[in-house]
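Listed below are the residues making up each chain.
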Amino acid sequence: MESTLKEMRDGASVLDMDPKSTVGGGVEDVYGEDRATEDQLVTPWTISVASGYTLLRDPHHNKGLAFTEKERDAHYLRGLLPPAIISQQLQEKKLMNTIRQYQLPLQKYTAMMELEERNERLFYKLLIDNVEELLPVVYTPTVGEACQKYGSIFKRPQGLYISLKEKGKVLDVLKNWPQKSIQVIVVTDGERILGLGDLGCQGMGIPVGKLSLYTALGGVRPSACLPVTIDVGTNNEQLLKDEFYIGLRQKRATGQEYSELLHEFMTAVKQNYGEKVLIQFEDFANHNAFDLLAKYGTTHLVFNDDIQGTAAVVLAGLISALKLLGGSLADHTFLFLGAGEAGTGIAELIALEMSRRSKTPLEETRKKIWLTDSKGLIVSSRKESLQHFKKPWAHEHEPVKGLLEVVKAIKPTVLIGTSGVGKTFTKEVIEAMASFNEKPLILALSNPTSQSECTAEEAYTWTKGKAIFASGSPFDPVEYEGKVFVPGQSNNAYIFPGLGLGLVISGAIRVHDDMLLAAAEALAGQIKEEYLAKGLIYPPLSNIRKISVQIAANVAAKAYELGLATRLPRPENLVKHAESCMYSPAYRYYR
Ligand SMILES: NC(=O)C1=CN([C@@H]2O[C@H](COP(=O)(O)OP(=O)(O)OC[C@H]3O[C@@H](n4cnc5c(N)ncnc54)[C@H](OP(=O)(O)O)[C@@H]3O)[C@@H](O)[C@H]2O)C=CC1
Ligand SMILES: CC(=O)C(=O)O
Ligand SMILES: [Mg+2]
């Protein structure tokens, strides 16, 4: 008995009993209930039809006042609702009115979260129809503030918490999640939440927010999405002292203790959901992020959004911007403030695209790209002491400190902020960019808004309207000398929903760099002259579902081309196929 229980905990025995079964995912008997012997423990799952009060309390099926007369009779709802019947459109109008009345972004965030817990389809209807207005509420910048205050606003769990306490039991924890057919997991350990640092367990707001975009922007079913926070402690003293902190009250575990928990999680995910579940690493600190990606990139369907998703969105913006700037990628000089996940990830994808386009070795194309970190310009004399991901960028140059001095020395045509530190693109830096560039391209990518390297208004006014500007968190249009400039949002939210959809619909088993290039090219392909004329290097987010379809189709096509797709035969028209797979938030009629 004891050994059987242990095997159950390890998750090996039941699934491995039948040699004909595939691992997880596609099999009916996902949890091995049918095949378990009498002395083995199984989870007593039940499937029932909700009705009456329970139906109104079930966010997946609740429609509130939109239940029809027939449904009210058939589902024992008479008397539980007032007599009026209100359409989903009218419900949407009413809720948008309410949300617009709130002054504070966090009130809007809380209202949206409460709606999601009450009526999931209405939540997605609002988000999809009002994406430009509500993205800053459920995503950056407000989600940053929500994570900081998560302990106080926490009401109900929205994702799975896997802490050191669950070591040895991670597979069991996964089985506690009510949904069984998971296609996308976003996981964080909370150590680098946006540019706000270590928020420990309260980082949960990020996987929850990212996955709501998987559904709203990429059309992945909400029930197929699983937000996960791995809690190994926090080094945030303020949180450790906060009586409302919801996580483990200890310093972060590191080394073997950390990697063992992560490994148990990665193994359990594959055992439970199969080879084709997508795992998106999000907001890990760079000392773990690169290693996790390298370790699991060859065995699991994983990507790191901060390194790779961001790279694809920036590359797409650059390809679009070339139409305004002129020349090819190789004709430009790139300078990054910040040489971590986002900075080096973007740099590498630009170098790769340049190398492909100009048929020049990667080592050569990298030389067009310069990075600075907190110690100044990354140069060859610093190579020995650099973290491994910075080493490819240690070019021959004398050491230079201070961004202004670096800008003057390198004379970049493109300046990209990935430092996580706000207000670092000073007036002098921006003016210097404008002094030797007819159209300086300035990307202030750090999130949330408080960490943005500069504001849109600063970029346009300090360059006297010459700058092409985009930022990680949204800024309103700016009027400068009678002309309206519309800043774009250079955020991986343009990429990961479509990328994920493409991977899911093709049944991809690995993420390949060529898929990131395919995603970037699809996004760049959506830019039109009319947007460029306003200074926009990204298409409007209001078109995001159509954009995600194009990205998904391009990514899926690449998966098939590379032999990494398992959903066969390949649909002939991948655009139509992607479209047909997308979740719609419209209410369904219940029999
Ligand atoms: N727009 C988007 O889609 C995305 C935006 N981001 C944003 O990018 C920012 C950075 O994220 P990420 O790359 O993952 O973080 P990392 O911690 O991996 O990297 C930060 C880098 O910035 C450097 N740095 C810190 N302070 C300064 C400074 N004062 N001057 C110069 N360099 C500095 C660090 O230097 P050192 O190495 O010496 O410590 C490090 O190289 C965050 O704000 C995040 O929100 C991230 C992903 C996507
Ligand atoms: C956008 C994002 O992923 C970040 O700022 O970390
Ligand atoms: Mg991130």
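Quick caveat: nothing in here was measured; it's all calculated off a predicted structure.

Turning our eyes to something else, we now look at the confidence of the model for the chain. Per-residue pLDDT for the chain has a mean of 94; in total, 94% of the residues score no lower than 70. Within the model, pLDDT remains below 50 along residues 1-27, and this stretch shows 48 contacts once partners closer than five positions in the same chain are excluded. Across the interfaces of the predicted complex, the ipTM metric reaches 0.99, alongside a pTM of 0.93.

Note that the residue after Thr140, namely Pro141, is joined by a cis bond; omega there is 10°. With respect to the element layout, Pro141 can be found in the loop between helix 8 (131-138) and helix 9 (142-148). At the junction of Leu568 and Pro569, the peptide bond is cis and its omega measures out at 0° in the coordinates. For Leu194, which is not a glycine, the phi torsion comes out positive at approximately 45°. Structurally, the position occupied by Leu194 is in the loop between strand 2 (184-188) and helix 12 (205-216). Look at Leu194 and you get buried, because its relative accessible area is 13%. Of note, Asp283 is a non-glycine position whose phi angle comes to about 55°, a positive value.

All chains considered together, the criterion is met by 12 aromatic pairs. Here the aromatic rings of Phe67 and Tyr590 are separated by 6.0 Å at their centres, their planes lie at 55°, and the arrangement is tilted. Of this pair, Phe67 sits in the loop between helix 3 (52-56) and helix 4 (69-74) while Tyr590 sits in the segment after helix 26 (574-581), and the two are 523 residues apart along the sequence. Seen from their ring centres, Tyr150 and Phe154 are 6.4 Å apart, and the 55° between their planes marks the pair as tilted. Residue class for Phe154 comes out partly exposed when judged on its relative accessible area of 31%. In this structure, Lys63 is placed above the aromatic ring of Tyr590, and the distance from its NZ or CZ to the ring centre is 4.4 Å. Here Lys411 stacks its cationic end above the ring of Phe436, 5.5 Å away from the centre of that ring.

Next up on the list: the UniProt feature "binding site: a divalent metal cation" (unreviewed entry) in the chain. Residues annotated by UniProt as "binding site: a divalent metal cation" (unreviewed entry) correspond here to Glu282, Asp283 and Asp306. A maximum C-alpha distance of 6.8 Å places the annotated residues, which cover 25 residues in sequence, within one compact spot. In this fold, Glu282 is placed in the loop between strand 4 (278-281) and helix 15 (286-296). Tracing the backbone through its elements, the reader meets Asp283 in the loop between strand 4 and helix 15. Residue class for Asp283 comes out buried when judged on its relative accessible area of 2%. Discounting residues that sit within four places of it in the chain, Asp283 has contacts with Thr188, Asp189, Gly190, Glu191, Arg192, Ile193, Leu194, Ile206 and Asp306.

This paragraph deals with the side chain of Glu453. Looking at the element boundaries, Glu453 is found in the loop between strand 10 (441-444) and helix 21 (456-462). Among buried charged residues, Glu453 stands out as having no salt bridge; its nearest opposite-charge side chain is Lys423, 11 Å away. Setting aside anything within four residues of it in sequence, one finds Glu453 in contact with Leu337, Gly417, Thr418, Ser419, Gly420, Val421, Lys423, Thr424, Phe425, Ala444, Leu445 and Ser446.

Right, let's talk about the environment of Leu329 for a bit. On the secondary structure map, Leu329 appears in the loop between helix 16 (305-325) and strand 6 (334-337). Its relative accessible area of 3% is what places Leu329 among the buried residues. With residues near it in sequence (within four places) discarded, Leu329 still touches Leu315, Leu318, Leu322, Phe334, Ile350, Glu353 and Met354.

On to the site of ligand 1. Inspection of the region around ligand 1 gives 27 residues, with Arg192, Asn286, Ala339, Ser374 and Lys390 positioned closest. Between Gly340 and ligand 1, the recorded distance is 3.4 Å, taken from a backbone N or O atom to an oxygen atom. Protein chains shield 83% of the accessible area of ligand 1, which is 920 Å² for the free molecule. The residue inventory of the shell around ligand 1, partitioned by class, reads six nonpolar, 16 polar and five charged.

The rules we used
Residues numbered from 1 in each chain as written. Chains lettered and ligands numbered in written order. Predicted model: local features only at pLDDT ≥ 70, side-chain atom pairs only at ≥ 80, totals over all residues. Heavy atoms only, no water. pLDDT = per-residue confidence, 0-100. Contact = heavy atoms within 4.5 Å. Helix = DSSP H or I, 4+ residues; strand = E, 2+ residues; numbered from the N terminus. Buried < 20%, exposed > 50% of the residue type's maximum accessible area, 1.4 Å probe, protein only. Phe/Tyr/Trp six-rings, centres within 6.5 Å; stacked < 30°, edge-to-face > 60°. Lys NZ or Arg CZ within 6 Å of the ring centre and 35° of its normal. UniProt positions renumbered as here; feature names shortened; annotations may be inferred. Lys, Arg positive; Asp, Glu negative; His and termini not counted. Salt bridge = Lys/Arg side-chain N within 4 Å of Asp/Glu carboxyl O. Near = heavy atom within 4 Å. Polar contact = N/O pair within 3.5 Å; in protein donor to acceptor, adjacent residues only side chain to side chain. Areas by Shrake-Rupley, 256 points an atom, 1.4 Å probe, with all protein chains shown as cover. Nonpolar A, V, L, I, M, F, W, Y, C, P; charged D, E, K, R; others polar.

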